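The chain contents come next:
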Amino acid sequence: MHIIKKYANRKLYHTNRKQYITLDGIAKLVQDDEAVQILDNETGENITSSILAQVVLQSRGRSIPQLPATFLTGMIQLGGDTIASLRQTLFTSLGGNDLIEAEIGRRLDTLIERDEITADESVRWRQLLLRHEFAESSRAHIESREMSVPSHNDVVRLHAQVDALAEIVDQLLKKK
């Protein structure tokens, strides 16, 4: 494992080799399938994701077509370099809510075509799932807390919620 420390002056120090390293040097390590861990020298915090995001932006910056202004604005406003912040910015700038609405519509239309729900039920479910209050509460929730990568417990809890929702949908379909 290559241990790299980031100092307050933004320099990166490769502790194994006892020399400074650049973002290009880190990119080379990753390309060579070397394990890398980057720590903030002052706090000891693991900042590997943040630095790797900088590596990607630097190394790919010239080959990426001009990024949308909404994406860049979102990145600046978030101010953080976490993977979750990047994910949320990409989701928003690429019209993620529209994609979700379209997918919900597609799935409901498929259920109608299969005669698993009626058109009236589809309208009701579409209204329930696309309520403005859900979007607003989600946005408020995201803005009220620091964006972070979900923990293992978050993923387990999400799986449980999805299983519970699937069971409710199954029960509703059986009633039909």
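Before going into details, it helps to say that this report is about the structure given with it.

Turning next to the overall build of the protein chain. Secondary structure assignment for the protein chain yields 8 helices and 4 strands. Helices and strands appear in the protein chain in the N-to-C order β-β-β-α-β-α-α-α-α-α-α-α. Among the 176 residues that make up the protein chain, the fraction classed as buried is 18%. Sequence-distant contacts in the protein chain: of pairs separated by 6 or more residues, those separated by 24 or more amount to 46%. Carbon and sulfur atoms make up 54% of the accessible area of the protein chain, which amounts to about 13200 Å² in all.

A few words on the packing of aromatic side chains. When we look at a pair of aromatic rings, we describe it by the centre distance and by the angle of the planes. Evaluated as defined, the whole model comprises 2 aromatic pairs. Pairing Y7 with Y13 gives two aromatic rings, centres 6.3 Å apart and planes at 70°, and the pair type is edge-to-face. Here Y7 falls in the partly exposed class, since its relative accessible area comes to 27%. For the pair Y13 and Y20, a centre-to-centre distance of 5.3 Å together with 75° between the ring planes defines the contact as edge-to-face. In textbook terms, an aromatic cluster arises when at least three aromatic residues are bridged by ring pairs, as seen for Y7, Y13 and Y20. Lying over the aromatic face of Y20, K11 brings its terminal NZ or CZ to 5.2 Å of the ring centre.

When you line up the elements, S122 lands in helix α6 (residues 119-129). Assessed through its relative accessible area of 2%, S122 is described here as buried.

Moving on, we come to the pattern of salt bridges. For the coordinates displayed, the defined rule picks out 4 salt bridges. The residue D32 makes a salt bridge to K28 at a minimum N-O spacing of 3.1 Å. Residue classification places K28 among the partly exposed residues on the basis of a relative accessible area of 46%. Between R107 and E103 there is a salt bridge, with the nearest N and O atoms lying 2.7 Å from each other. Of this pair, R107 and E103 both sit in helix α5 (residues 96-113), 4 residues apart, roughly one helical turn.

Here we take up the sheet that holds strand β2 (residues 12-14). Pairing within the open sheet is mixed, and its 4 strands lie in the order β3-β2-β1-β4. Either end of the sheet is taken by a strand with one partner, and the two such strands are β3 (19-21) and β4 (36-40). For this sheet, the mean inter-axis angle between neighbouring strands, taken without regard to orientation, is 35°. As paired elements, strand β1 (residues 2-6) and β2 share 3 bridges and run antiparallel to each other. Within β2, the position partnered with K5 by the bridge is Y13.

Inspection of helix α1 (residues 23-31) places L23, I26, A27 and L29 among the buried residues, and these make up the whole buried set. The buried side chains of α1 occupy one side of the element, clustering within an arc of 160° when seen end-on. One or two steps after α1, the chain reaches D33, where phi turns positive at roughly 65°.

Turning next to a nonpolar patch on the surface. A contiguous nonpolar surface patch, about 260 Å² in accessible area, is contributed by L165, I168 and L172. Along the chain, L165 falls in helix α8 (residues 152-175).

Before going further, it helps to spend a moment on the environment of T118. Along the chain, T118 turns up in the loop between α5 and α6. Judged by its relative accessible area of 37%, T118 is partly exposed. Between the C-alpha atoms of T118 and L108, which are 10 residues apart in sequence, the distance is 9.6 Å.

Rules behind the numbers
Residues numbered from 1 in each chain as written. Predicted model: local features only at pLDDT ≥ 70, side-chain atom pairs only at ≥ 80, totals over all residues. Heavy atoms only, no water. Helix = DSSP H or I, 4+ residues; strand = E, 2+ residues; numbered from the N terminus. Buried < 20%, exposed > 50% of the residue type's maximum accessible area, 1.4 Å probe, protein only. Contact = heavy atoms within 4.5 Å. Areas by Shrake-Rupley, 256 points an atom, 1.4 Å probe, with all protein chains shown as cover. Phe/Tyr/Trp six-rings, centres within 6.5 Å; stacked < 30°, edge-to-face > 60°. Lys NZ or Arg CZ within 6 Å of the ring centre and 35° of its normal. Salt bridge = Lys/Arg side-chain N within 4 Å of Asp/Glu carboxyl O. Pairing = 2+ DSSP bridges. Axes fitted to C-alpha atoms, helices over the stretch in contact; angles between N-to-C directions. Arc of directions from axis to C-beta. Patch = residues over 30% accessible without salt bridge, like charges linked within 9 Å, V, L, I, M, F, W, Y side chains within 5 Å.

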